[in-house]
Amino acid sequence: MKLNKGLFYSLAAAALLTGCAKEDPFVDPVYDGPTGTLMTRCLAPTLSNPEGIEADTRAAVPSTDDFKVVIARKSVNTYAGTPGSVEYKYSDMPEVLTLPADDYKVYAYHGDNKPAAWDEPYYYGESTFGIEANKITDDVEPIVAKLANIRVTIVFHPSLLSAMNDEGKVEVKVGDEGVMTFTPSESRSAYFRYVNQSQTLAATFTGTVDGSPVVQTKTHDNVAPGNHYRITFRMRGIDDDKPGNIDGNITVDASVEKVDMNHTVDGEPEEILEDDWRPTQGGGEGPGTGPEDPNPPVDTPPVIKAGTPTDKTMVPVDLDKVNEVEDNTYCVLDITSTADSGIQEFEVQIDSEKLSPEELAGVGLAAKLDLVNPGSLEGALSGLGFPVNVGGMKNVSFNITGFLPMLNALGEGTHNFILTVTDANGTTVKTLTLHTN
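As a starting point, this report considers the structure included with it. (Residues numbered from 1 in each chain as written. Predicted model: local features only at pLDDT ≥ 70, side-chain atom pairs only at ≥ 80, totals over all residues. Heavy atoms only, no water.)

**Focus on unusual backbone geometry**
No. 1: Residues other than glycine seldom take positive phi values, yet Asn-134 does so here, at roughly 60°.
No. 2: Inspection of the secondary structure puts Asn-134 in the loop between strand E9 (123-131) and strand E10 (136-137).
No. 3: Overall, the relative accessible area of 75% leaves Asn-134 in the exposed class.
No. 4: A positive phi angle is found at Asn-222, which is not glycine, with a value near 55°.
No. 5: By the element assignment, Asn-222 lies in the loop between strand E17 (212-220) and strand E18 (227-236).
No. 6: On the basis of relative accessible area, Asn-222 is assigned to the exposed category, the value being 59%. (Helix = DSSP H or I, 4+ residues; strand = E, 2+ residues; numbered from the N terminus. Buried < 20%, exposed > 50% of the residue type's maximum accessible area, 1.4 Å probe, protein only.)

**Section: the sheet that holds strand E20 (residues 303-306)**
No. 1: The strand order across the open sheet formed by three strands is E20-E24-E27, and the pairing between neighbours is antiparallel. Two strands lie at the open edges of the sheet, namely E20 and strand E27 (395-399), each paired on one side alone. Each strand of the sheet is rotated relative to its neighbour by a mean of 20°, with strand direction disregarded.
No. 2: For strand E24 (residues 332-336) and E27, the ladder comprises five bridges, and the chain directions are antiparallel. Counterpart to Ile-335 in the pairing with E27 is Val-396. (Pairing = 2+ DSSP bridges. Axes fitted to C-alpha atoms, helices over the stretch in contact; angles between N-to-C directions.)

**Quick notes on the pattern of salt bridges**
No. 1: What the rule picks out here adds up to eight salt bridges.
No. 2: Across the salt bridge formed by Asp-102 and Arg-73, the nearest N and O atoms sit 2.8 Å from each other. With a gap of 29 residues between them, Asp-102 in strand E7 (residues 102-110) and Arg-73 in strand E4 (residues 68-73) connect regions that are remote in the sequence. Arg-73 shares its class with Asp-102; the two are buried.
No. 3: Arg-230 serves as the salt-bridge partner of Glu-257, at 3.8 Å between the closest nitrogen and oxygen. (Salt bridge = Lys/Arg side-chain N within 4 Å of Asp/Glu carboxyl O.)

**A word on the packing of aromatic side chains**
No. 1: For the structure shown, the criterion picks out nine aromatic pairs.
No. 2: Taken together, a centroid distance of 6.3 Å and an interplanar angle of 85° make the contact between Phe-403 and Phe-417 edge-to-face. Highlighted residues: Phe-403 in the loop between E27 and helix H6 (404-408) and Phe-417 in strand E28 (residues 413-423), separated in sequence by 14 residues. Each member of the pair Phe-403 and Phe-417 is classed as buried.
No. 3: Taken together, the ring pairs connect Phe-346, Phe-386, Phe-398, Phe-403 and Phe-417 into an aromatic cluster. (Phe/Tyr/Trp six-rings, centres within 6.5 Å; stacked < 30°, edge-to-face > 60°.)

**Comments concerning the sheet that holds E7**
No. 1: Taking strand neighbours across the sheet as the criterion, the six strands line up as E3-E11-E9-E7-E4-E5 in an open arrangement whose pairing is mixed. Whereas interior strands pair on both sides, the edge strands pair on one side only; in this sheet they are strand E3 (46-47) and strand E5 (85-89).
No. 2: The sheet contact formed by E3 and strand E11 (residues 144-147) spans two bridges and is parallel. The residue of E11 that forms the bridge with Thr-46 is Val-144.

This is the structure we're talking about:
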């Protein structure tokens, strides 16, 4: 095949930009100036770290179609429901919008962002773009929505449950408005609105423990949106090997584990406790409710192996040989980490006979890609099928099957994708070699 870099660039652009054909005018009764056109499919919001959020919440992540999208003129107002702004459910957006020539802010959200509520995550993302007179805009910076409220889960350790009365509870307060009360039968998480000036979380246990009234408060400063705070209350002075052995005064203590649900696990718990236990009362499923794994994973470095296609007509790649790129090539690698904190680093080095670093930059890529912290390349990588923001994940699918037609457009050549994956157990390096004709 003759080298065709122009086709490569066209295919890459097609993977990132989309077009439409239906018009719906922007509603602004006081404007009669020049206008331009916006292709609204390029406003499709994506969710940061959907695999991590789904794994942590054990619930389906929201659909793109269900997000609300607000487009607002910067020179008029940035809020929905005012002159100079429009709001749509994404699935109901017209394919094309005619807008006044101006600078715009667009933001997408899902949920109500209440001061406090059970199981009501709130997702938010934003971007900006400009509309030029008599021109089409279809290259808006991707809108990446992230969990934007604060998640809190309370765990009552067995050492405390066995000693306290039935009226024991924990009241959690975040900021000035959000208050929720947890009991041992409550297995759900509460979500709290983030307020920039109110960044303190206070969790207060109240109950009778071994006949003595106990009030104990655990506070955590600088709480941030997108974090899951898992707070475990237990008896202080318990020797876990000898349940019921209480020293001195009866007291209750708590530890806080913070997990960034948008990206990675944030360090160690403040106090390391063996508290992978979760009450099963209340019908909710939580960590540790199932039977103990009889074959726990060993502390090995990350595993990188070829994925298995469900479509038997597809042919998986082989990490031990040069893979000829055909129409039925299934180019998927499965990466697994057994470390508690998941993947810490994931870099991909592209060594291609046909693409220089400068040419890669022309389609929004780079010779070395950081899939944990993709930075400004996040949108381009997502559009081309690469996984992004994988820090903290334990299972990642590196699927570049959709990238293969672009490589084929370059003509005959060899392309190496050198994957370097690191977790707390070590580093694994594997090379995926593809050959195009």
